[in-house]
Protein chains: 2
Amino acid sequence: MARKQGSHSDITGPRVRAAALKLFAAHGFAAVSMRQIAAEVGVQAGALYLYTPDKQTLLSDLLETHMGEVLSAWQAELPRIEARGGGPEAGLDAFARFHIRFHLARPQAVFISYMELRNLTPENFAKLEAMRKQYEDGLEQILIEGKARGLFDVSDTKLTTLALISMLNGVLTWYKPEGRLSLDRVESIYADMVSKSVRAQERSAQIA
Amino acid sequence: MARKQGSHSDITGPRVRAAALKLFAAHGFAAVSMRQIAAEVGVQAGALYLYTPDKQTLLSDLLETHMGEVLSAWQAELPRIEARGGGPEAGLDAFARFHIRFHLARPQAVFISYMELRNLTPENFAKLEAMRKQYEDGLEQILIEGKARGLFDVSDTKLTTLALISMLNGVLTWYKPEGRLSLDRVESIYADMVSKSVRAQERSAQIA
DNA sequence: GTCTATACAATGATAGAC
DNA sequence: GTCTATCATTGTATAGAC
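Residues numbered from 1 in each chain as written. Chains lettered and ligands numbered in written order. Predicted model: local features only at pLDDT ≥ 70, side-chain atom pairs only at ≥ 80, totals over all residues. Heavy atoms only, no water.

### Some details on the domain arrangement of chain A
Residue and element names in this part refer to chain A. Considered domain by domain, chain A is made up of domain 1 (9-52) and domain 2 (54-198). Averaged C-alpha coordinates put domain 1 and domain 2 at centres separated by 28 Å. Contact with domain 1, which involves 15 residues of that partner, is made by 13 residues of domain 2. Among the residues domain 1 hides against domain 2, the three largest losses belong to Leu-21, Phe-29 and Thr-52. Together they make up 46% of the total. Across the contact surface, domain 1 and domain 2 share five residue pairs in polar contact (both at pLDDT 80 or more). Elements that contribute at least two residues to the side of domain 1 that touches domain 2 include exactly α1 (9-27) and α2 (34-41). Sort the elements by how many residues they give to the side of domain 1 that touches domain 2 and α1 lands first, with seven residues. (Domains from an automatic or database assignment. Contact = heavy atoms within 4.5 Å. Buried area = accessible area lost by both parts, 1.4 Å probe. Polar contact = N/O pair within 3.5 Å; in protein donor to acceptor, adjacent residues only side chain to side chain. Helix = DSSP H or I, 4+ residues; strand = E, 2+ residues; numbered from the N terminus.)

### Quick look at helix α8 (residues 183-198) of chain A
For α8(A), spanning 16 residues, the distance from its first C-alpha to its last is 23 Å, which sits close to the expected 22 Å at 1.5 Å a residue. Taken as a whole, α8(A) has its buried residues at A:Val186, A:Glu187, A:Ile189, A:Tyr190, A:Ala191, A:Met193, A:Val194, A:Ser195, A:Lys196, A:Ser197 and A:Val198. Buried positions along α8(A) lie against α4 (88-105), α6 (122-148) and α7 (157-169) of chain A together with α7 (157-169) and α8 (183-198) of chain B. (Expected span 1.5 Å × (residues − 1). Buried < 20%, exposed > 50% of the residue type's maximum accessible area, 1.4 Å probe, protein only.)

### Let's talk about the relation of the copies chain B and chain A
Under the fitted operation, chain B is carried onto chain A by 0.1 Å of movement along the axis and a turn of 180°, and the coordinates agree to an RMSD of 0.1 Å. Both copies are brought into coincidence by an operation consistent with a two-fold rotation axis. Interface overlap between copies is the fraction of interface residues in one copy that are interface residues in the other; for chain B against chain A it reaches 100%, indicating a shared surface. (Least-squares fit on C-alpha atoms with pLDDT ≥ 70 in both.)

### Brief notes about the UniProt feature "DNA-binding region" (unreviewed entry) in chain A
What UniProt calls "DNA-binding region" (unreviewed entry) maps, in this numbering, to residues 33-52 of chain A. Along residues 33-52 of chain A one finds 40% helix and 0% strand; the C-alpha atoms at either end are 14 Å apart. (UniProt positions renumbered as here; feature names shortened; annotations may be inferred.)

### Observations regarding the side chain of B:Glu77
Residues and elements named next belong to chain B. With respect to the secondary-structure elements, Glu-77 resides in helix α3 (residues 55-83). For Glu-77, a relative accessible area of 8% corresponds to the buried category. Beyond its immediate sequence surroundings of up to four residues, Glu-77 is in contact with Phe-98 and Arg-101.

### Describing the environment of A:Gln201
Mapped onto the elements of the fold, A:Gln201 is located in the segment after α8. A residue is classified by how much of its surface remains accessible, and A:Gln201, at 36% relative accessible area, is partly exposed. On a C-alpha basis, the gap between A:Gln201 and A:Ala38 in space is 57 Å, while along the polypeptide they are 163 residues apart. A polar side-chain atom of A:Gln201 sits 3.5 Å from a polar atom in the side chain of B:Arg199.

### Describing the interface of chain B and chain A
Taken together, the 43 residues of chain B in the interface contact 43 residues of chain A. In this assembly, chain B packs against chain A so that about 3600 Å² is buried in total across both faces, 57% of it on carbon and sulfur atoms. Here chain B is connected to chain A by six salt bridges. The partner of B:Lys196 in a salt bridge is A:Asp153, and the shortest N-O contact between them spans 3.7 Å. Counting every contact that joins chain B to chain A gives twelve residue pairs in polar contact (both at pLDDT 80 or more). Elements supplying a minimum of two residues to the side of chain B that touches chain A: α1 (9-27), α5 (107-115), α7 and α8 of chain B. For the side of chain B that touches chain A, the element with the most residues is α8(B), which contributes nine residues. (Salt bridge = Lys/Arg side-chain N within 4 Å of Asp/Glu carboxyl O.)

### Here we look at the confidence of the model for chain A
Residue and element names in this part refer to chain A. Across chain A, the average pLDDT comes to 92, with 92% of residues at or above 70. Across chain A, the element-wise mean pLDDT spans from 92 in α1 up to 98 in α7. Below pLDDT 50 for its whole length, residues 1-5 participates in zero contacts with residues either more than four positions away or in separate chains. Between residues 203-208, whose pLDDT stays under 50, and residues either more than four places distant or in other chains, the model counts seven contacts. (pLDDT = per-residue confidence, 0-100.)

### A look at the environment of A:Ala25
For A:Ala25, the position within the fold is in helix α1. Remark: the alpha-carbon pair of A:Ala25 and A:His103, spanning 78 residues in sequence, is separated by 14 Å. Leave out the neighbours within four places in its chain, and A:Ala25 touches A:Gln108, A:Phe111, A:Ile112 and B:Arg118.

### Considering the pattern of salt bridges
Going through the model one piece at a time under the given rule, you end up with 34 salt bridges over all chains. For the salt bridge of A:Asp93 with A:Arg97, the shortest nitrogen-to-oxygen distance reads 3.1 Å. Of the two residues, A:Asp93 and A:Arg97 both sit in helix α4, four residues apart, roughly one turn of that helix. On the accessibility criterion, A:Asp93 (18% relative accessible area) is buried. Across the pair B:Arg84 and B:Asp93 runs a salt bridge, and its minimum N-O distance is 3.3 Å.

As structure tokens, then:
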């Protein structure tokens with residue numbers, strides 16, 4: 001029989017995206033059906049097409065929204081770095097802590113951002129790649145400046161940028177909020193490893 | 001004993017696994033159909049079931065074979081570490097270089113080993129996790145020994161193990177054999193970052 | 001051992017009733 | 001705006017011919 005008649009487009013739209021995000025993160029884009037998403041929302045499959053032209057667009061909207069949030073959140077972080085002196089060391093520490101904190105607060109969006117890129121159309125993929133590159137460039141600039149000042153010993157800033165981000169992303173694969181380590185502790189350990197891995201050697205014995 | 005004209009089980013079996021590996025890595029387990037795998041091999045879909053009971057087993061066989069190769073290859077590497085003195089510093093360097101080299105030689109298998117774990121049945125997943133843990137323990141033992149000797153400054157060996165492996169795995173996302181950096185160079189840069197990120201501070205100025 | 005043929009559920013997406 | 005009903009297609013897997 002006829003179920004609810006109410007107009008819910010303003011609330012159902014976000015719920016559709018939330019359900020898709022949750023299910024894509026849990027099972028993968030290709031493994032999740034529109035019917036599953038609809039069931040999670042509590043509507044029929046056909047109703048989803050009021051909120052997205054197709055499944056592919058639903059995915060790319062989630063990814064673009066996420067990367068947009070990453071970029072603007074990092075922009076918002078920059079004044080805080082200046083307040084700490086603004087040098088490359090402060091910047092690198094801030095980047096590591098920001099990355100850990102922000103990503104752990106949005107594990108599902110981060111997860112699909114790294115897993116489901118290949119399910120995007122070439123156009124959508126290119127747009128996401130450009131945003132990701134912009135974020136990476138923020139870190140690389142810090143490395144470049146630190147290297148120029150002799151603070152960092154980095155032979156290849158591009159490679160090092162990617163290596164550091166990979167290390168930081170790894171936290172997603174194991175971190176559990178109820179685990180033995182607090183978020184602050186995890187942040188500090190990672191920030192310390194990042195810092196040490198690029199720091200120029202103080203004059204002292206090298207290992208053989 | 002009637003001779004058959006197309007007896008190829010000894011060659012078709014490996015080709016089925018090779019095709020599945022290639023397609024799973026390229027598009028994801030859930031996105032690849034048995035029909036696609038069959039087309040890649042050049043047989044009909046039904047013929048695949050001569051070589052695997054089902055799609056899920058095809059995946060878990062690929063992953064278990066790969067992890068078995070990782071473990072035995074690392075075992076084979078241990079004598080080489082002894083030859084270099086056998087200390088934690090030599091061990092850590094050897095691990096980083098081994099991991100980079102071995103993984104870059106099998107990018108597809110490594111890729112699905114990290115991406116498709118969630119598509120395994122709980123039993124198959126548990127088996128794979130145990131093998132992965134065994135590999136990680138090899139690295140953690142090096143860190144534990146280095147920490148005990150005062151060579152490494154590592155506050156949490158488990159977390160550091162995961163962070164280092166994440167960093168090393170990252171090479172897969174960007175390395176191209178025809179790129180601007182040689183494999184040796186990449187190996188060296190990563191091994192250097194790994195080494196520095198855990199090395200105990202020589203006495204000298206700390207950053208503020 | 002490999003094929004064709006097929007079973008039969010599930011998929012993404014659309015049309016039209018209310 | 002949501003529903004039911006439906007479309008063409010594709011999914012995994014099996015049966016039986018040769």
